[in-house]
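Here is what each chain is made of, one letter per residue.
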Amino acid sequence: MNVTLLRMSEWYLVYCKARQEETAARGLEEQGYAVYLPKLKTRRRRSQGMVEIVEPLFPRYLFVSVRDNEQSLSPVRNTAGVSKLVRFSVEYVPVPQGMIEALQAHEDPETGFHRLTAPNLKKGDRVRIQAGAFAGIEGVFEALAGRDRVIVLFELLGQPARTEIAIEEHEQ
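Our subject in this report is the structure included herewith.

Each value, and the rule that gives it
- Residues numbered from 1 in each chain as written.
- Predicted model: local features only at pLDDT ≥ 70, side-chain atom pairs only at ≥ 80, totals over all residues.
- Heavy atoms only, no water.
- Buried < 20%, exposed > 50% of the residue type's maximum accessible area, 1.4 Å probe, protein only.
- Helix = DSSP H or I, 4+ residues; strand = E, 2+ residues; numbered from the N terminus.
- Contact = heavy atoms within 4.5 Å.
- Pairing = 2+ DSSP bridges.
- Axes fitted to C-alpha atoms, helices over the stretch in contact; angles between N-to-C directions.
- Salt bridge = Lys/Arg side-chain N within 4 Å of Asp/Glu carboxyl O.
- Polar contact = N/O pair within 3.5 Å; in protein donor to acceptor, adjacent residues only side chain to side chain.

Of note in the backbone geometry, R19 takes a positive phi value of approximately 55° without being a glycine. Looking at R19, the relative accessible area reads 73%, which means it is exposed. In this structure, R60 takes a positive phi of about 75° despite not being glycine. Its place among the elements puts R60 in the loop between strand 4 (49-56) and strand 5 (61-67). Look at R60 and you get partly exposed, because its relative accessible area is 28%.

What follows is the structure in structure tokens.
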């Protein structure tokens, strides 16, 4: 009976030096590792107006796949742009394959980039805070504050109070 053994590979999380994700990815690929660096396409205000930019979805992080019995994690740690491999205690813990697949499934099929979508809110919409210090409090949506925060107006002690919260902390 002829049995073919499939080479299993596991994904690990790599913590990169500041703004060195691309350098680390290239270095790892040159050494034969499979690398996944999810990227985000977003719009930012610059001196020339709004421009579309590409940046890592998780700043300072990328994923590297290591084939069992064929590759070692040691060279990963010494690659240009890499700060360290993420571990818990003394163990390098593989990232669940389902997480990588879920991230890849949310990429735009044409560009391969992720897009963060702003909440569909208009100034004056009532919102309820779901998490954080203001959990359970209702407020009024004022404006977006960057790509991942919103400004909400609360009434605290009879006075209007404005605060910025993370987008995921509110519900409409």
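Further remarks concern the environment of K41. On the secondary structure map, K41 appears in strand 3 (residues 39-46). Note: C-alpha distance between K41 and F113 (72 residues apart in sequence) is 6.0 Å. Every residue in contact with K41, bar those within four places of it in the chain, is listed here: E52, I53, V54, F113, H114 and R115.

For the rest of this paragraph, the subject is the sheet that holds strand 1 (residues 9-16). Strand order in the open sheet formed by 4 strands is 2-5-1-6, and the pairing between neighbours is antiparallel. The open sheet has two free edges, formed respectively by strand 2 (34-36) and strand 6 (82-85), since each of these has just one partner strand. If you compare each strand with its neighbour and ignore which way they point, the axes differ by 35° on average. Here strand 2 runs beside strand 5; their pairing, made up of 3 bridges, is antiparallel. Counted as the bridge partner of A34 is S65 from strand 5. Set on the sheet, helix 1 (residues 21-30) makes contact with strand 1, strand 2, strand 5 and strand 6; between it and strand 5 the angle comes to about 10°.

Right, let's get into the pattern of salt bridges. This model, assessed by the stated rule, comprises 6 salt bridges. Across the salt bridge formed by E70 and R67, the nearest N and O atoms sit 2.7 Å from each other. Across the salt bridge formed by R162 and E142, the nearest N and O atoms sit 3.0 Å from each other. Remark: E142 occurs in strand 8 (residues 138-144) and R162 occurs in strand 10 (residues 159-166); sequence separation between them is 20 residues.

Bringing the environment of L73 into the picture now. If you trace the backbone, L73 turns up in the loop between strand 5 and helix 2 (74-77). The exposure class assigned to L73 is buried, which follows from its relative accessible area of 14%. Sequence separation between L73 and Y12 is 61 residues, and the spatial gap between their C-alpha atoms is 9.2 Å. Once residues within four sequence positions are removed from consideration, L73 is found in contact with Y12, V66, L85 and Y92.

In this section: the side chain of S65. In this structure, S65 sits in strand 5. Overall, S65 belongs to the buried group, its relative accessible area being 6%. Among the polar contacts listed, one links the side chain of S65 to the side chain of S9, at a separation of 3.3 Å. Filtering out sequence-adjacent residues up to four positions away, S65 remains in contact with S9, E10, W11, Y33, A34 and Q71.

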